[in-house]
Number of protein chains: 2
Amino acid sequence: MKTEHLNAIENAVKAVLGKKKINHFYFVACGGSLAFMMPASFIFTREIDIPASYHPANEFVHMQPKSLGPDSVVITCSHSGTTPETVKATEYARSLGATTIALTHLEDSPLWKAAEYPLHYDWGKEADSSDLNKGILYSLIFHILDGISPSEKYKKGIKSIDGLDTAMKKVREQFKDVTAQWGKKYKRESLIYTMGSGADLGETYSFSICLLMEMQWINSSCIHSGEYFHGPFEVTDFDVPFIIVKGLGCTRPLDERAYNFCSKYSEKIMLIDEAEFDMSDIEEEVREYYSPLLTGAVLRSLADALAYERGHDLGVRRYMWKMEY
Amino acid sequence: MKTEHLNAIENAVKAVLGKKKINHFYFVACGGSLAFMMPASFIFTREIDIPASYHPANEFVHMQPKSLGPDSVVITCSHSGTTPETVKATEYARSLGATTIALTHLEDSPLWKAAEYPLHYDWGKEADSSDLNKGILYSLIFHILDGISPSEKYKKGIKSIDGLDTAMKKVREQFKDVTAQWGKKYKRESLIYTMGSGADLGETYSFSICLLMEMQWINSSCIHSGEYFHGPFEVTDFDVPFIIVKGLGCTRPLDERAYNFCSKYSEKIMLIDEAEFDMSDIEEEVREYYSPLLTGAVLRSLADALAYERGHDLGVRRYMWKMEY
């Protein structure tokens, strides 16, 4: 990780740890940026007794959570730094005295200016994963965890960021053929379900709403694997395609149960089993939290393959950025 | 409301208010029962500074939230009282010393026995709405709110439960023709999106996963109206059907914005605008929280109409209750 990135993170963490009291961590953003922070909220809920939750930015601003105030930490993200709802949410939280940390690719953007502690991240294929949005977020949250409740585990969480880039490259290579074949086989589908849970839910949600719905105009829904048997599973049939993620973490039994049932009745399942990942570059104690990032890399390869086979570039939009809304 | 129901609620609320400290309200259930408690979590987040969240029961048990303990209140629900995940979640929470309150139709069921404070609710068309699951839940949460932070508003929240049955009947009558026509018009659809936010999100989620996916085998996804513009809206087209709820509450601007855009590009929109409801039987200050219950009645009528037109009874299942899973 670049020194200036690490310095900015440490500076933000110092502010968080310097608070007399922390009553709540709010993760606030829109769409893909919201999805990207969902694992952070999950990890905090599991690891520390300070409440954490994630909110669509526009809902956050309008609902005005009662406990939002000087004791709160609000972490926001917008790639361009211009998403109006996220900028407004950051300004609103800051006006109430909350500590505001914002992740963005664009320095001096409206979001950058709105937050007390803006954090820059790199973008593009040449960048090291540790300097991309997910690397910066994970460094931030493991630094916060280690500050609140110092432990070897969280120090390993921080350290593992250095292995992320290699791990991502390995998993991309490992799934290269599988993802290419999936694109060929499923290019005619007009609807694809995704399913996951725990720290993986953000990745499956993001794939549904951003990669499939937004970038491929393919209908989709992200099903929580713990909810599958309580309604959604009745749509399962031989010709209904699912992408199922079996995580490494505590909710793996939910994913396994959903996969075991679904694979009996659907002939169109793409399984991403994180137990198959080579995670030797990530410390063992935190692999369950890092594996969703690798799943994200596999999902992205699936989207690339689908886009190629369908001749529908991932950058094409009909509404977004094209008109007022 | 029946005296025995009210007594049981008051007894549970006494236990909640008698706690030295409350660190978290957890709403925990599966599928439709989870959806039904989503507005409670939203209302608490907006009204009081004690954190509240909702969780799929199986995830709750496996993730083991760090702050769950003697200071927590865990509210669970299962209609039959036999949903294994919900029973287990209740037992788990109770074993950690949390105050456990469970709503169920079946007295002496496993869930009934698992919880320290079981609450019975009536079922069926003859029952008064105040004694059905939603009436019991709303009485419980407004009693808790009024105990924590006594106010006229919350007393009106409690009082309004008496007007719920009349309000429900009025809205069913008001939307009778519209819902019947919708069933006729959309009976050939294989996919229907729902959209809502705030206190309405549970109703739109429930309609997607239970009424459409489970009971009609129709593909669906519930889109948060604050997330619509950050991905999902790119699937909007002239022939893509949406059911959009415009709520009465603080997130109405999100719903309006989504509806305004969506209705320009889709010719298949069913709008449920809560501003059109006759809510004279509900106190004005709490209408924004009661209106989702009336939306639920309209949505149920839509499902009834669809089931009738498609000859696919809402009680038909292919997997649920038919096999091990």
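The rules behind these values
Residues numbered from 1 in each chain as written. Chains lettered and ligands numbered in written order. Predicted model: local features only at pLDDT ≥ 70, side-chain atom pairs only at ≥ 80, totals over all residues. Pairing = 2+ DSSP bridges. Helix = DSSP H or I, 4+ residues; strand = E, 2+ residues; numbered from the N terminus. Axes fitted to C-alpha atoms, helices over the stretch in contact; angles between N-to-C directions. Domains from an automatic or database assignment. Contact = placed C-beta atoms within 7 Å. Nonpolar A, V, L, I, M, F, W, Y, C, P; charged D, E, K, R; others polar. Expected span 1.5 Å × (residues − 1). Buried ≥ 20, exposed ≤ 12 C-beta atoms within 10 Å, placed from the backbone. Right-handed = clockwise from strand over helix to strand, strands pointing away. Least-squares fit on C-alpha atoms with pLDDT ≥ 70 in both.

**Things to note about the sheet that holds strand 7 (residues 219-224) of chain B**
Residue and element names in this part refer to chain B. The four strands are arranged 7-6-8-9 in an open sheet whose pairing can be described as parallel. In this open sheet, the two edge strands, each paired with only one partner strand, are strand 7 and strand 9 (269-273). Sheet twist, expressed as the mean angle between neighbouring strand axes with direction ignored, is 15 degrees. The pairing of strand 6 (residues 191-196) with strand 7 spans six bridges and is parallel. By the bridge assignment, Tyr193 is partnered in strand 7 with Ser221.

**Some remarks on the domain arrangement of chain A**
All names here are of chain A. Each domain of chain A was delimited in the assignment, giving domain 1 (3-159) and domain 2 (163-310). Just the C-alpha atoms count here: the centres of domain 1 and domain 2 sit 25 Å apart. Tallying the contact residues gives 17 residues for domain 1 and 17 residues for domain 2. For the side of domain 1 that touches domain 2, the elements supplying multiple residues, two or more each, are helix 2 (31-47), helix 6 (133-148) and helix 7 (152-159). Top element by residues in the side of domain 1 that touches domain 2 is helix 2. It accounts for eight residues. For the side of domain 1 that touches domain 2, the per-class residue count stands at six nonpolar, six polar and five charged.

**Considerations on helix 11 (residues 252-265) of chain B**
Residues lying three or four places apart along an α-helix face the same way, a consequence of the helix completing one turn every 3.6 residues. Compared with an ideal rise of 1.5 Å per residue, which puts 14 residues at 20 Å, helix 11 of chain B spans 20 Å between its outermost C-alpha atoms and is within 8% of the ideal. Elements in contact with the buried residues of helix 11 of chain B: helix 3 (57-63) of chain A together with strand 6, strand 8 (242-246) and strand 9 of chain B.

**Overview of the pairing of strand 9 of chain B**
Along any regular strand, the residues point their side chains to alternate faces of the sheet. All names here are of chain B. Burial along strand 9 is one-sided: the residues Met270 and Ile272 are buried and none of Ile269, Leu271 and Asp273 is. Pairing of strand 8 with strand 9, which is carried by five bridges, proceeds in the parallel orientation. Of the residues in strand 9, the one forming a bridge with Ile244 is Leu271. At this point the chain moves from strand 8, through helix 11, to the parallel strand 9, and the crossover so formed is right-handed.

**Topic: the relation of the copies chain B and chain A**
Taken as rigid bodies, chain B and chain A are interconverted by a rotation of 180 degrees and an axial shift of 0.0 Å, the fit giving an RMSD of 0.0 Å. Here the copies are linked by what is in effect a two-fold axis. Taking the C-alpha atom as reference, chain B places Ser221 of chain B closest to the rotation axis, 2.5 Å from it. When you check the interface residues of chain B against chain A, 100% turn up at the interface there too, and the contact is symmetric in its surfaces.

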